[in-house]
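# Geometric and topological summary
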Number of protein chains: 2
Amino acid sequence: MGVVLPVKTRRARVGSQAIAVDRIIRDDCVAAMRALPDACVDMIFADPPYNLQLGGDLFRPEGGRVDAVTDDWDRFDTFAAYDRFTREWLAEARRILKPDGTLWVIGSYHNIFRVGSALQDEGFWILNDIVWRKANPMPNFKGTRFTNAHETLIWASRGEGSRYTFNYQAMKALNDELQMRSDWVLPICGGPERLKINGTKAHPTQKPEALLYRILLATTKPGDVVLDPFFGTGTTGAVARRLGRHWIGIERESKYVAVAEERIAASLPLDESAMTVMASKRTQPRVAFGALVESGALAPGAILCDARRRWTAIVRADGSLAAGTETGSIHKVGATLQGAPSCNGWTFWHVERAGALVAIDVLRQDYLLQHGDG
Amino acid sequence: MGVVLPVKTRRARVGSQAIAVDRIIRDDCVAAMRALPDACVDMIFADPPYNLQLGGDLFRPEGGRVDAVTDDWDRFDTFAAYDRFTREWLAEARRILKPDGTLWVIGSYHNIFRVGSALQDEGFWILNDIVWRKANPMPNFKGTRFTNAHETLIWASRGEGSRYTFNYQAMKALNDELQMRSDWVLPICGGPERLKINGTKAHPTQKPEALLYRILLATTKPGDVVLDPFFGTGTTGAVARRLGRHWIGIERESKYVAVAEERIAASLPLDESAMTVMASKRTQPRVAFGALVESGALAPGAILCDARRRWTAIVRADGSLAAGTETGSIHKVGATLQGAPSCNGWTFWHVERAGALVAIDVLRQDYLLQHGDG
DNA sequence: GTATGTTGTGAATCATGGG
DNA sequence: CCCCATGATTCACAACATA
């Protein structure tokens, strides 16, 4: 029970203690999670089974039912069993997740509604549901339904108020400067990426690395600890290593563990420069407007106006603005003049430089570069 | 209670009896369904409240306020209350559905997992989940999540063994002779189709007719009876009439009933030319540069240069470029380096392949061929 | 009339840190 | 817990206005 394999394991600090990371735990997922301390991982990616291996088939292929139990009884029993299993691992997942951590689960219509309800009941707060639109799905051979061409992911924070990680600018950069949407077009895992043993696929549901790449890039930071309780062939670990995230994989079947170990050992970490992503302005150091006045970048008495020259204001010595009787911060005066609930003064106000209007945000960037607080 | 409006109602045979069709029942949906006999409708399309649980006001970057769905009919105190409501209407829906009938429900991540679990528990058998990918969704104004760009539909038969209607060839014809997939790209309801009263939208959540058109064409036969227990402004009725299906709408609010009546009376049966217009216009495949990075076609850290090797840049993990202190999209960095107002990064940037420079546009073409965005 | 620019809006669980 | 100041943030269309 609970065999910890001796991979090049490291330790990551979690509060006062440290947990071993970058390793595979060969065990049942609930048992393995029980051995982990509270609030020790930043993100969990879970690709749970669609049917339980324990108590017979949950989701039968069309016409596959053979036993004589009445429909109602059978159905209630099997859904209930799946729900129990789901609630059990979700509860453990929530316990070991840090307060501001998030959970990803992937599934299909067979199980995703059970999982979604269960995680809401456990207290998780859904942030998005994401549709993985498969570029090359398997056709519906019988022509009896719509081609099942997508899978669903749920992204949820530990609770309603938590302050989760979302690398907005990185996602925007990845999507040609447009906001990343909730529908992702990605090919299924095939070609050389698909792991094989003696010519047959090593795992029936290996996920493409591109999917995990986007997930990790969007919702974790370098150095974060990512847990995958249904590790399989270790896609999560391979991508985490490449992106400089720590990972823990839990997998019950030793043949998958072996495949995953070999795979991850062969994956190469990216170097620092390549891993860098577009930073959000929210994470940049703050510059007080007054600092621009103090440093001489903007003189007291200078005239500011908005991009269309509808309003003007005068810079005062203490870094406040005056526009008529209205005085206050660059944000407050901008908001008041427009009658808007709020205003980002940095992008609203401009100053004339060489005949053209320049947003004072540009002066702020210059200031940041000169006073080099990177 | 339960006022039946005297529209040009007809009667449809249901076994030995006949029920009044092509009419709106102004009543609570559960009460109205209770008054209908067992197994009397062929299909049910339901657009129940989503239980959005919105916080305070949300303002757009330019200062406008988002007109949110804050109506009483969308407010439930707890998930348990929403579940009770859901199970109640689903149970009645299943009773009045013919044995080979099917149910459609539309929802978002706020409610669809509750609905999906509940209908499985009630005995419905899920045939597909369908993703409506909105061509023009509302952005995420605060940059806090992925743009919520889709809604989910569930299509289910009354039970596991039922012989439901699926017009496979009609769907294939509608999709340029390719199998219709489980993800549908359709614009949201706007323009002249969006019903207004004194210039403001008549209903906050009016669905596009194209959505109902595809649903009715796929899963009903001419002459079938379609029930919509949350009728709203009557999109289901209008499309059913155009396609020669009978319909029954249930709607509690008389202002919506009035709008729907007028609308359906004005709707015309469909002629052939209109059908060809509805046929899918394939969306242009658009490849983000980031997709090449994600897919591994170009590794983070790769060096790009222009055709004459005057400038170089490094590819970062999120698909942005870095050249010295300059960072941004392939287009922006290309433009900045050249001092040009704009630049097509696809043709400007090159990568070395077998000793020769290849424009990254070539990689894009390869990507399209391999992943054939259909 | 044509081209261009401005404004409005859609089922939305939409901020963060310091005092 | 609340309150306040700072300041980050939008895509595709349709409708209408201006040139």
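An unreviewed UniProt entry lists chain A under the name site-specific DNA-methyltransferase (adenine-specific), from Sphingomonas quercus. Quoted straight from UniProt, the Catalytic activity (unreviewed entry) entry for chain A says "a 2'-deoxyadenosine in DNA + S-adenosyl-L-methionine = an N(6)-methyl-2'-deoxyadenosine in DNA + S-adenosyl-L-homocysteine + H(+)".

## Overview of the protein's contact with DNA strand D
Lining the immediate surroundings of DNA strand D are 29 residues, of which Tyr168(A), Lys172(A), Gln179(A), His331(A) and Arg364(A) lie closest. For DNA strand D, the backbone makes up 61% of the atoms found within 4 Å of the protein, where backbone means sugar plus phosphate. Gln179(A) is positioned with one of its backbone polar atoms (N or O) 3.0 Å from a phosphate oxygen of DNA strand D. At a separation of 3.3 Å, a base oxygen of DNA strand D approaches a polar backbone atom of Pro137(B).

## What to know about the UniProt feature "domain: RAMA" (unreviewed entry) in chain A
In the numbering adopted here, UniProt assigns the feature "domain: RAMA" (unreviewed entry) to residues 272-371 of chain A. Each end of residues 272-371 of chain A is marked by a C-alpha atom, and these two atoms are 24 Å apart; helix forms 34% of the span and strand 21%.

## A few points about the nonpolar core
Core analysis: the largest hydrophobic core is formed by 75 residues, its most contacted members being Trp89(A), Leu119(A), Trp89(B) and Leu119(B). Setting aside chain neighbours within four positions, we find Leu119(B) in contact with Leu90(B), Leu103(B), Val105(B), Phe124(B), Ile126(B), Ile154(B) and Ala156(B). Core analysis: the next-biggest nonpolar cluster, separate from the first, contains 62 residues, Leu212(A), Phe289(B), Cys343(B) and Phe348(B) among them.

## Topic: the packing of aromatic side chains
Scanning all chains against the criterion turns up 35 aromatic pairs over all chains. An angle of 40° between the planes, with centres 5.2 Å apart, marks the rings of Phe76(B) and Phe85(B) as tilted. Taken together through their ring pairs, the aromatic side chains of Trp104(A), Trp155(A), Tyr164(A), Phe166(A), Tyr168(A), Trp184(A) and Phe146(B) make up a single cluster. When the ring centre of Trp132(A) is taken as reference, the NZ or CZ atom of Lys134(A) above it lies at 5.3 Å.

## Focus on the protein's contact with DNA strand C
Residues and elements named next belong to chain B. Residues in close proximity to DNA strand C total 40 residues, the closest being Gln53, Arg60, Tyr109, Lys142 and Lys201. Contact distances for DNA strand C include 3.2 Å between a base nitrogen and a backbone N or O atom of Phe141. Tallied by class, residues from the surface near DNA strand C come to 19 nonpolar, 8 polar and 13 charged.

## Details of the packing of helix H6 (residues 235-242) of chain A against helix H7 (residues 254-266) of chain A
All names here are of chain A. Two numbers describe how H6 lies on H7: the axes approach to 9 Å, and their chain directions differ by 15°. Looking at the two axes, H6 sits roughly parallel to H7. For H6 against H7, the interelement crossing comes out right-handed. On H7, the residues that touch Thr235, Gly237, Ala238 and Arg241 of H6 are Arg263, Ile264 and Ala265. Partitioned by chemical class, the residues of the contact of H6 with H7 number 3 nonpolar, 2 polar and 2 charged.

Rules and cut-offs
Residues numbered from 1 in each chain as written. Chains lettered and ligands numbered in written order. Predicted model: local features only at pLDDT ≥ 70, side-chain atom pairs only at ≥ 80, totals over all residues. Heavy atoms only, no water. UniProt positions renumbered as here; feature names shortened; annotations may be inferred. Near = heavy atom within 4 Å. Polar contact = N/O pair within 3.5 Å; in protein donor to acceptor, adjacent residues only side chain to side chain. Helix = DSSP H or I, 4+ residues; strand = E, 2+ residues; numbered from the N terminus. Core = buried A, V, L, I, M, F, W, Y, C linked by side-chain atoms within 4.5 Å. Buried < 20%, exposed > 50% of the residue type's maximum accessible area, 1.4 Å probe, protein only. Contact = heavy atoms within 4.5 Å. Phe/Tyr/Trp six-rings, centres within 6.5 Å; stacked < 30°, edge-to-face > 60°. Lys NZ or Arg CZ within 6 Å of the ring centre and 35° of its normal. Nonpolar A, V, L, I, M, F, W, Y, C, P; charged D, E, K, R; others polar. Axes fitted to C-alpha atoms, helices over the stretch in contact; angles between N-to-C directions. Parallel < 35°, antiparallel > 145°, perpendicular 65-115°, else oblique. Left-handed = near helix turned anticlockwise from the far one by under 90°.

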